[in-house]
Amino acid sequence: MIRNCRIRNFRILTEKEIQFDPNLTVISGPNGSGKTSILEAIYFAGCGRSFRTRNVQQLIMFSKLWFRVEIDTDNGHLDARYRLPEKQKEIFLNEEREKIAAISTQFPFFILNQKSLDVVRAGRRNTYLFFNKVLSRLFPAYIQALSGYRTALNNKRLLLKKMVRNDIIQAWNRVLEEHRMKLTKQRKWLTSVLNKLLPEGVEIEYLPSQPDKSLDSFLLVEQEKQIVLAGSHLDRYRFLRQGKDVREFSSSGQQKKVFFDVITTVGHLFHQQRGIKPVLLLDDFDSEFDKTNMVRNLDLVMGQFQVVLTTTDHQRFSRFQHQLVQLKSEERRNN
Ligand SMILES: Nc1ncnc2c1ncn2[C@@H]1O[C@H](COP(=O)(O)OP(=O)(O)OP(=O)(O)O)[C@@H](O)[C@H]1O
Ligand SMILES: [Mg+2]
């Protein structure tokens, strides 16, 4: 659980201190007042990345050379720093420098914004990355298998372009097979436990790439085409509602509901497996919902997560007990 945070020189936020409610914190303010920036700063402290941009430099307040985000949590003090000209990103846990992978497992932060709905709406890659994120935040061993797999895959790709001997590529296939076995096992496990927790009629289907064939059996064609044709990076997932593919057949509102069901069960799983309540950052949560749906979905996720949400109208959340953070418009700030 996060208790309070201090954000300095992060985008529009010169210096901002925030107290969090254990269940719901509402960040309210007009457009451009810094609501998304607060969620972005929290997210950065948990995984060393932005959910908006790959360019960390952009996150530093104009004309400044560094930013810093400190968060007090139940599990200790998180302190994320970035500075120029070194372009150095550092995260400290209780004053000790920590690897980012270790932090994101220990402090699972999830972001949910308009773009996250691509997980159920857009191409298969979004879904694949989403489940990678869930598994990485659940098990450090998954991150290791994934990064071992990626390194071996990059090597194999390079070698295919260089047209080296078969046995050299086969040696990399052995490494890939080893990681592939672990990744498949964990992905199968995740989808089967989530399916047990999901409401009736909603299901996740995991479709491993070429599960019955060895990677070596693709070698001849791969050498000819100089691309990799099978392996864990080509695994797919599908969301089903009443047995039908959600991406193809569900309405936009139904897709959103399925996504909230999935997110809620993910939160439940963290509780079950790790005994922790992860943090869910909801950006512009109410923008697409009618009031009834908003209340229902918020009730759903609040049972499993500590929720921090942004809105332009905090009155909409008056029926929920919450901590309110009110931001001023840019003009009023400057006066
Ligand atoms: N590096 C930066 N330094 C200073 N200000 C910045 C920087 N990057 C963006 N901004 C300003 O930060 C503000 C954007 O903040 P943010 O996206 O957090 O707003 P918001 O409250 O979420 O708005 P909306 O309701 O439109 O989503 C804008 O006013 C933008 O001009
Ligand atoms: Mg915003």
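Predicted model, so just to flag it, every value in this text is computed and none were measured. (Residues numbered from 1 in each chain as written. Chains lettered and ligands numbered in written order. Predicted model: local features only at pLDDT ≥ 70, side-chain atom pairs only at ≥ 80, totals over all residues. Heavy atoms only, no water.)

Q: I'd like a rundown of unusual backbone geometry, residues and numbers included.
A: Negative phi characterises most residues that are not glycine, and trans characterises most peptide bonds. Following Leu84, the chain continues into Pro85 via a peptide bond in cis, with omega recorded as 0°. Its location among the elements puts Pro85 in the loop between β5 (76-83) and β6 (88-93). The phi angle at Met163 is positive, at roughly 55°, despite the residue not being glycine. With respect to the helices and strands, the residue Met163 is situated in the loop between α5 (140-162) and α6 (166-197). (Helix = DSSP H or I, 4+ residues; strand = E, 2+ residues; numbered from the N terminus.)

Q: Could you give me a rundown of the site of ligand 1, with the residues and numbers involved?
A: Taken together, 15 residues are adjacent to ligand 1, and Gly32, Lys35, Thr36, Ser37 and Ile60 come closest. At 3.2 Å from an oxygen atom of ligand 1 is found a main-chain nitrogen or oxygen belonging to Ser33. Protein burial of ligand 1: of its 660 Å² of free accessible surface, 78% is covered by the chains. At three residues, helix α1 (residues 35-47) tops the list of elements feeding residues into the shell around ligand 1. (Near = heavy atom within 4 Å. Polar contact = N/O pair within 3.5 Å; in protein donor to acceptor, adjacent residues only side chain to side chain. Areas by Shrake-Rupley, 256 points an atom, 1.4 Å probe, with all protein chains shown as cover.)

Q: Which residues make up the domain arrangement of the chain, and what values go with them?
A: By the assigned domains, the chain splits into domain 1 (1-108 + 278-335) and domain 2 (115-275). Taken together, the 18 residues of domain 1 in the interface contact 19 residues of domain 2. The junction of domain 1 with domain 2 conceals about 1600 Å² of combined surface from both sides, 63% of it contributed by carbon and sulfur atoms. Where domain 1 packs against domain 2, one counts zero salt bridges. One can count four residue pairs in polar contact (both at pLDDT 80 or more) joining domain 1 with domain 2. Elements with a contribution of two residues or more to the side of domain 1 that touches domain 2: α1, α2 (100-106) and α10 (291-302). Of the residues forming the side of domain 1 that touches domain 2, the biggest block, four residues, is contributed by α2. Here the residues of the side of domain 1 that touches domain 2 sort into eleven nonpolar, five polar and two charged. (Domains from an automatic or database assignment. Contact = heavy atoms within 4.5 Å. Buried area = accessible area lost by both parts, 1.4 Å probe. Salt bridge = Lys/Arg side-chain N within 4 Å of Asp/Glu carboxyl O. Nonpolar A, V, L, I, M, F, W, Y, C, P; charged D, E, K, R; others polar.)

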